[in-house]
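Commentary on secondary and tertiary structure
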Amino acid sequence: MNLIRAWFRRLRGIVPNQQRESDFSAELESHLQLHIDDNLRAGMSPDEARRDALRKLGGMERTKQAHRERRTLPLLETIVQDIHYALRQLRRSPGFTITAILMLSLGIGASVAIFAFVDAALIKPLPYANPTRLVDVAEHGVAFPRSNLSYEDFRDWQRLNKVFTSLDAYTGTGYLLATPSGIEPVPAVRITDGFFRTLGVRPILGRDFYSGEDQPNAPATTILPYSTWQHRFGGRGDIIGQTVSLDGNPTTIVGVLPADFEFAPRGNAEFWTTMHQLTNCEKRRSCHNLFAIARLKDGVTLEKAQTEMAAIAKQLEIQYPGSNRDQGATLAPLSELIVGTIRPILFILLAGAILLLVIACVNVASLLLVRSESRRREFAVRGALGASPARLVRQFITEGLVLVSMGAATGLAAGYLVMHLLLGLVSKDMLSSMPYISRLTLNSHVLLFAAIVSLIAAAIFSLTPVLRLPVSSMREALNEGDRGSAGTLWRRLGSNLVIVELAIAVVLLVGAGLLGKSLYRLLHVDLAFEPSHLATLYVSIPRKSYPKDEEVVVITRKILARVSTLPGVTSAAATSVLPTTGNGNTDWIRVVGHPFHGEHNEVNERDVSVDYFKTIQAHLLRGRIFTEQEDHSRPRVAVINKAFADKYFPGEDPIGKKYGGGDLKPDSIKEVIGIVDNVRESSLDAEIWPAEYKPYNQDSDTFYALVVKTSGDEKSLLPALVNGIHQVDPGIGTMDPQTMQQRIDGSPAAYLHRSAAWLVGGFAALALLLGVIGLYGVIAYSVSQRTREIGVRMALGAARASVYQLVLKEAGRLTIVGIVAGILCSIASAAFLRSLLFGTRSWDLQTFAAVVLLLGMAAMLASFIPARRAASINPVEALRSE
Amino acid sequence: MGDKTDVWQGTLALMVLKTLESMGSLHGYGIARRIEQTSGELLSLNYGTLYPALLRLEQEGAIASEWGQSENNRRAKFYSLTRSGRRLLEKETRSWEQTTAIVARFLAPSEDPS
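Quick summary incoming for the structure in this document. Quick caveat: nothing in here was measured; it's all calculated off a predicted structure. (Residues numbered from 1 in each chain as written. Chains lettered and ligands numbered in written order. Predicted model: local features only at pLDDT ≥ 70, side-chain atom pairs only at ≥ 80, totals over all residues.)

Attention shifts here to the overall build of chain A. Assigned secondary structure in chain A consists of 29 helices and 22 strands. By its C-alpha atoms, chain A is 140 × 80 × 55 Å across when sized along the principal axes. When each of the 882 residues of chain A is scored for burial, the buried share is 42%. The contacts in chain A between residues at least 6 apart in sequence include a share of 83% that link residues at least 24 apart. (Helix = DSSP H or I, 4+ residues; strand = E, 2+ residues; numbered from the N terminus. Buried ≥ 20, exposed ≤ 12 C-beta atoms within 10 Å, placed from the backbone. Contact = placed C-beta atoms within 7 Å.)

See below:
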């Protein structure tokens, strides 16, 4: 108890207190007086009395010092002193301090912000019960490593497997929601009954779907995501039991999901319903439209589950050779499905941010070196006055810590801002497919990361100057003429640091160059259609009003006719899937008269209207395009793309040839009437697949896209397009009006490439700036140290040109070594980038050349300024100044 | 146990406490002189070492200080024992007596004739 009290009192003593000090002085003074009085009484002379009193006391100052040390905690007090001293030092050179803190906060801010994204996406567990036991379950075909599951296969898998505690399916869908302001198409998900139980998610209001609620006789029910409840129903407490009209069917709301619920594969869903009514597709084993999730039984590994599911798929393949040929099972951790695509990008960004941080640290370290160089005398003096080497080292460490603490504080603040800035830049579509990103916070992981980074930086900054501490050569350091040797030492260490900086700048610049070039290639990939002046939107025809396919065709004709009369519109067409959406929506074909062994010949299937090719300006290579008259009553026809012709009709003329489904059922047989160019149906970075285009007259659907060519501004046409359709029938839903160019630019492939290119480009620009500043610093310092040498040279007749040469040669050597090292590192690290490159080799010479040129020029500029200063030295003054 | 100064410090603290107990309130110089006198002038104290010891005792709450007037009308800081100081003194005295008793046993002339 007493000890603790004493300790606290001493802790309080840390605060410098003049009163305590003077109090003790007074006490000592009175002590001396009392002693002197006694001594005088004993008969000493006044002088002698005082001398004796002081002698007995053991020295005034020593006593005071002992008392002072007892008053406070000496170690802590010197630390406070060191911090005071460090702050004073930093304040005395504001230029250095501000530069150092800016660089540090830049490096720390960037890496913290990127790390927060990494944390949100890759480190935080998915918000489900025991998420590592969840797996993504899908089929795989010849062309698709992960393809949709057919409903009947799914039910068999569910029944036969012994490795999952539960297996549930989901599929995206859309409903026409009746709202007070009219019909609105909304994205939704249809699931099997146990879906939420498999995830381990419980509704916060109402109930989960009952077991069996996905059976045909079950009533229509829906569970709302929290956001739908809030935005569409005002968060009303009495929502359970209310009905909504989905596609005209009254549907009972039975539950509300928690606010933090998310399911990235269907992130934008506004309603969750059951598969109680099967679609036509779901009634056929050969039609694939589902994905599934499952929870592994305890003790079952992913490999074991994969093996068992493969065996089940094999069994079904034997049982149903027509539909299930080559249809295997594929399993992966659910997290892989959700964050798998973004992982490489995040790692590359994190690597970029950390490289930037390293450059910033190196820059600050070299600044510290320069400073320690100019403070050699100061430290020598302090050493000569009795400061122990340990005390001097501690001073450096304190200064490093103070600097890093300030840098870390501002860096964290900057990182926080950047995090939210970046989050704001992510488009809404992207955000709904990556809902985990919005969980981004400055949490304990991020703070821990920042702390580790700061500690490393602090260690570097404390140790760099310590290495240069003139402990052994104290006397020489006190010498005025010492500069030469110290300068050489500094130049060796400092210039090595600059090489590191330049090399990192090269790596980042090369990375940015390659990513930039990939982006350019991606955005300029051959589309084989003209995306400009195209307005697009999705249309959803209510089945209730138009139950027959013929009626859908008629209303589609009406819509196209109405839209064509809008001002500026030159042509309008419908397609089941817009170009650049991605490979998929496929058909299995078999050419009549060709050998066939039951293989699945997968081709993209598109139902388009007559003017489709004219509207998107795709070239007809051979044959003709179907006419409006070719409808259900006429023989089936198809236009195929060039890839189709090349793959399935090698060396023949496909026109007039016939093909059909695998079983060549009479109603599946189509005649090829034309060949069009390879219109890019695939996403920008994927390969072109064979494609068939069928007249929508012969195969209509209630959900399709409109493509409208205009002579004017396509963007301003979009609202008119929506209005025009609603004039035909206000019950028709319209969705997602965008121009074709917006779709291409905003497509996931373009988006990911663009964000990677811009962010790495940003890092590279900063790295270039910092690297060049570092080079400038080294050269400028070297020139300032060699002023006398240069003065002597010039006094001895050296021409200004040779002085330029002297300085530029030094800078050139550093730059060349840095660039060469950087290029080597880039080549070594290129494999890391390869997954993100498109149409660009990782050793792209053009990019390398551009980087070398850019960095070389920047370096020249940075060294020219000090070289000029060196050349303009006045020899007389240079010599006099020493 | 600790090194020599620690022992000395502890002993000095005990002496200070005992002095204050018998004398009541006393200033630093008085305490120092009193210790020397009590020791029969065998101890020669370096007066400066007394003050950190006093400060320590004060920090631990064993003594309290107050400015006052000395017998010959000088201003001086007077120290006096607190309640917890009295308890400390009792404890320290007991432990010191125990220690000396033990040491005395070791140093006592052996009773074994051989």
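This brings us to the overall build of chain B. What chain B contains, in helices and strands, is four helices and three strands. Going from N to C terminus, chain B has its helices and strands arranged as α-β-α-α-β-β-α. Burial status across chain B gives 28% buried among its 114 residues.

Moving on, we get to the interface of chain B and chain A. Facing the 20 residues of chain B at the interface are 22 residues of chain A. Where the side of chain B that touches chain A is concerned, the elements lending two or more residues are α2 (28-38), α3 (47-59) and β3 (75-81) of chain B. Counting residues per element, the side of chain B that touches chain A draws most heavily on α3(B), at eight residues. Of the residues in the side of chain B that touches chain A, the class split is six nonpolar, nine polar and five charged. (Nonpolar A, V, L, I, M, F, W, Y, C, P; charged D, E, K, R; others polar.)

Bringing the packing of helix α2 (residues 18-41) of chain A against helix α3 (residues 46-57) of chain A into the picture now. All names here are of chain A. Interhelical geometry of α2 versus α3 gives an angle of 130° and a closest axis separation of 9 Å. Taken together, the axes of α2 and α3 are oblique relative to one another. The way α2 lies across α3 gives a crossing that is right-handed. The residues of α3 that touch α2, namely those facing Leu32, His35, Ile36, Asn39 and Leu40, are Pro46, Ala49, Arg50, Asp52, Ala53, Lys56 and Leu57. For the contact of α2 with α3, the class distribution of residues is seven nonpolar, two polar and three charged. (Axes fitted to C-alpha atoms, helices over the stretch in contact; angles between N-to-C directions. Parallel < 35°, antiparallel > 145°, perpendicular 65-115°, else oblique. Left-handed = near helix turned anticlockwise from the far one by under 90°.)

Residue and element names in this part refer to chain A. Ranked by internal contacts, the top residues of the largest apolar core, which has 163 residues, are Leu508, Val760, Ala767 and Leu775. With residues near it in sequence (within four places) discarded, Ala767 still touches Leu355, Leu356, Ile359, Ile504, Ala505 and Leu508. Counting residues in each nonpolar core, the second largest holds 56 residues, with Val163, Tyr175, Ile183 and Met275 among its members. (Core = buried A, V, L, I, M, F, W, Y, C linked by C-beta atoms within 7 Å.)

Next up on the list: α3(A). Given a rise of 1.5 Å per residue, 12 residues ought to cover 16 Å, and the 17 Å separating the end C-alpha atoms of α3(A) matches this to within 8%. Here α3(A) has its buried residues at Ala49(A), Ala53(A) and Leu57(A). The arc that holds every buried residue of α3(A), seen down its axis, measures 65°, which confines them to one face. Seen from the open side of α3(A), the exposed residues pointing more than 90 degrees away from its buried face are Asp47(A) and Arg55(A). The inward-facing, buried residues of α3(A) abut α2 and α4 (60-71) of chain A together with α3 of chain B. (Expected span 1.5 Å × (residues − 1). Arc of directions from axis to C-beta.)

Residue and element names in this part refer to chain B. With respect to topology, three strands assemble into an open sheet ordered β1-β3-β2, the strand pairing being antiparallel. Strand pairing shows two members of the sheet lacking a second neighbour, β1 (26-27) and β2 (63-69), which therefore form its edges. As defined by bridge partners, β2 adjoins β3 across seven bridges and the pair is classed as antiparallel. Its bridge partner being in β3, Glu66 is matched across the sheet by Phe78. (Pairing = 2+ DSSP bridges.)

Before going further, it helps to examine the pairing of strand β10 (residues 288-296) of chain A. Residue and element names in this part refer to chain A. Buried residues dominate β10, accounting for eight of its nine residues. Where strand β1 (residues 134-140) lies against β10, four bridges are found, and the strand directions are antiparallel. Looking at the pairing, Leu134 lines up with Arg295 of β10. In this sheet, β10 lies alongside strand β2 (residues 149-150) in antiparallel orientation, the contact comprising two bridges. Looking at the pairing, Ser150 lines up with His288 of β10.

Turning to the packing of helix α20 (residues 549-564) of chain A against helix α23 (residues 714-728) of chain A, a few remarks are in order. All names here are of chain A. Relative orientation of the contacting elements α20 and α23 amounts to 135°, with a least axis distance of 9 Å. One way to sum up the angle between α20 and α23 is to call them oblique. Crossing hand, α20 versus α23: right-handed. Residues Lys558, Ile559, Arg562 and Val563 of α20 touch α23, and the partners they reach there are Leu721, Gly724, Ile725, Gln727 and Val728. Of the residues that constitute the contact of α20 with α23, the class distribution is five nonpolar, two polar and two charged.

With that settled, the discussion passes to the pairing of strand β3 (residues 164-179) of chain A. All names here are of chain A. Where β3 lies against β10, six bridges are found, and the strand directions are antiparallel. When the bridges of β10 are listed, Ala169 appears paired with Ala292. Here 10 bridges tie β3 to strand β4 (residues 182-191), and the two strands are oriented antiparallel to one another. What sits directly across from Thr179, in β4, is Gly182.

Note that all results are geometric; they support no functional claim without further evidence.
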